[in-house]
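One letter stands for each residue in the lines below.
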Amino acid sequence: MNLLKGRIKIIDQYIIGKYLGTFIYTLAIFVIIIVVFDLSEKMDDFMKSGLSFWGILSKYYAGSIPFYVNMLSPLINFIAVIFFTAKMADQTEIVPILSGGVSFNRFLFPYLVSATIIFSANLLSNLYILPYTNTLKNSFENTYVKRNDPSTKSNIHMKLDDKTYIYIDNFDNKTNSGYRFSLDNFSGDVLTKKIVAENIKWDSLKRKWQLNNYSIRKIDGLKETMIYGNGKLKDTILDMRPDDFSAYDNVVQNLTTKELSDKIRKEKIRGTGVMNDLQFEKYKRYLHPLSAFVLTLIGVALSSRKVRGGVGVSLGIGIFISFAYIVFNQFTQMFSTKGGLPPFAAVIMPTLFFGLLGFYLLRKAPK
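What you are looking at is a predicted structure, and each value in this text was computed from that prediction instead of being measured. (Residues numbered from 1 in each chain as written. Predicted model: local features only at pLDDT ≥ 70, side-chain atom pairs only at ≥ 80, totals over all residues. Heavy atoms only, no water.)

Trainee: In this structure, what is going on with the pattern of salt bridges? I would like to understand it.
Mentor: Pairs can form between side chains of opposite charge once their charged atoms are near each other. Counted by the stated rule, this structure contains 14 salt bridges. Among the salt bridges present, the one from R217 reaches E224, with a minimum N-O distance of 3.0 Å. Its relative accessible area of 29% is what places R217 among the partly exposed residues. Among the charged side chains, a salt-bridge network with shared partners connects D243, D244 and K263. (Salt bridge = Lys/Arg side-chain N within 4 Å of Asp/Glu carboxyl O. Buried < 20%, exposed > 50% of the residue type's maximum accessible area, 1.4 Å probe, protein only.)

Put into structure tokens, the structure is as follows:
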């Protein structure tokens, strides 16, 4: 009995080492390939930016490589499981393990341990690392790669709270400046204050808005007071930030988890139409790492039997299913942000569907 337990521990270590080793090696190869293609595609933009090699590395690739790692993780996870498990089956290593008294569920244990490690790494990355690295990547792309894309947003109406409404005719994301700004403050249905400014600009050092060439009208019943600031500047604190008016679609990826929750809370009041994008991003950060478990179950179920054709057949099926998983994710995201599908349902549907497929395949797998 003790000898069997000792052998099981050795098998656990062997499978965990093979799983994680294959995963890391394959992931590194894919990232290197993508970086080479990305470098060749963006070489003209890098040359026009005037940045040094270190500047490009620290301002772009320090952000894009973690993004690629996160994006490829489900695909590489699946390929790694399929590859080394099918190789074990092809070399008749699995049959002696199962016929030696180890149940199939016990055989799955080291796979689940490895999947837990990958799940934890992806979850921590989604919550604490990617918001920072995505800011580096997206800031570089918006400045140097998408330089010809529109950087302004027009005709902005926003509700800041139950009493305050603002309007900006035009906002430039590159200068963080808005033009023809107005603010209306109400008490019930009665207007109590109106601020009009020719220009409003975000001061990143003071973290305040700066009004230029402004007028303030205060209304107290029949009494009105006017304050003019022609040619003057005035600092003011408003519950809004430049990214609230961003013309770029990738700004949501830059938000920390706390900022994302705060923005969702504010969006419930403002109703600017980005609630689905915000909620989808939040749910995705928590639920997408579950793919490590789902794809591991499918991978083991598909590749644990020895088939004619060897590793290639299992690997081909695995690549097809992993791409189907990625495409399914993209479709549900599109239907969530554009078609009205609830964000939580959009995020959980691929994981739930492929999870059920994994359990079905496990029931059919040879024991």
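Next comes the rest of the write-up.
Trainee: Is there a simple way to think about the UniProt feature "transmembrane region" (unreviewed entry) in the chain in this case?
Mentor: Residues annotated in UniProt with the feature "transmembrane region" (unreviewed entry) correspond here to residues 20–40, 60–86, 107–130, 286–303, 310–328 and 340–362. A helix fraction of 100% and a strand fraction of 0% characterise residues 107–130, whose end C-alpha atoms lie 34 Å from each other. Secondary structure content for residues 340–362 is 87% helix and 0% strand, while the C-alpha to C-alpha distance between its ends is 34 Å. (UniProt positions renumbered as here; feature names shortened; annotations may be inferred. Helix = DSSP H or I, 4+ residues; strand = E, 2+ residues; numbered from the N terminus.)

Trainee: What is the right way to read the packing of aromatic side chains from this model?
Mentor: For any pair of aromatic rings, the description consists of the separation of the ring centres together with the inter-plane angle of the planes. A complete count under the given rule lists 23 aromatic pairs for this structure. For the pair F171 and F245, a centre-to-centre distance of 5.0 Å together with 50° between the ring planes defines the contact as tilted. Of this pair, F171 sits in strand β2 (residues 164–172) while F245 sits in the loop between β6 (223–236) and α5 (257–270), and the two are 74 residues apart along the sequence. Taken together, the aromatic side chains of F46, Y60, Y61, F140 and Y144 make up a single cluster linked through ring pairs. (Phe/Tyr/Trp six-rings, centres within 6.5 Å; stacked < 30°, edge-to-face > 60°.)

Trainee: What is the right way to read the domain arrangement of the chain from this model?
Mentor: When the parts of a complex come together, some accessible area is lost, and that lost area is often used as the size of the interface. What the domain assignment lists for the chain is domain 1 (10–146 + 278–364) and domain 2 (152–246). Its C-alpha centre places domain 1 at a distance of 46 Å from the equivalent point of domain 2. (Domains from an automatic or database assignment.)

Trainee: Before we go on, may I ask you to explain the side chain of S291 in this structure?
Mentor: Within the secondary structure layout, S291 lies in helix α7 (residues 291–303). The contacts of S291, once residues within four sequence positions are left out, are P74, N77, T296 and Y325. (Contact = heavy atoms within 4.5 Å.)

Trainee: Would you take a moment to explain the side chain of T236 for this structure?
Mentor: Tracing the backbone shows T236 in strand β6. Here T236 falls in the buried class, since its relative accessible area comes to 18%.

Trainee: So what exactly am I meant to see when it comes to α5 here?
Mentor: The periodicity of an α-helix, 3.6 residues per turn, causes residues three or four positions apart to be oriented the same way. Under the 1.5 Å per step criterion, the end-to-end length of α5 is 20 Å for 14 residues, consistent within 8% with the ideal 20 Å. Among the residues of α5, T257, L260, K263, I264, E267 and R270 are the ones counted as buried. Around the axis of α5, the buried residues are gathered within 135° of arc, so they sit on the same side. Set apart from the buried face of α5 by more than 90 degrees, the exposed residues are K258 and K268. Those residues of α5 hidden inside the fold are in contact with α4 (104–145), β1 (152–159) and α6 (275–287). One or two steps after α5, the chain reaches G271, where phi turns positive at roughly 60°. (Expected span 1.5 Å × (residues − 1). Arc of directions from axis to C-beta.)

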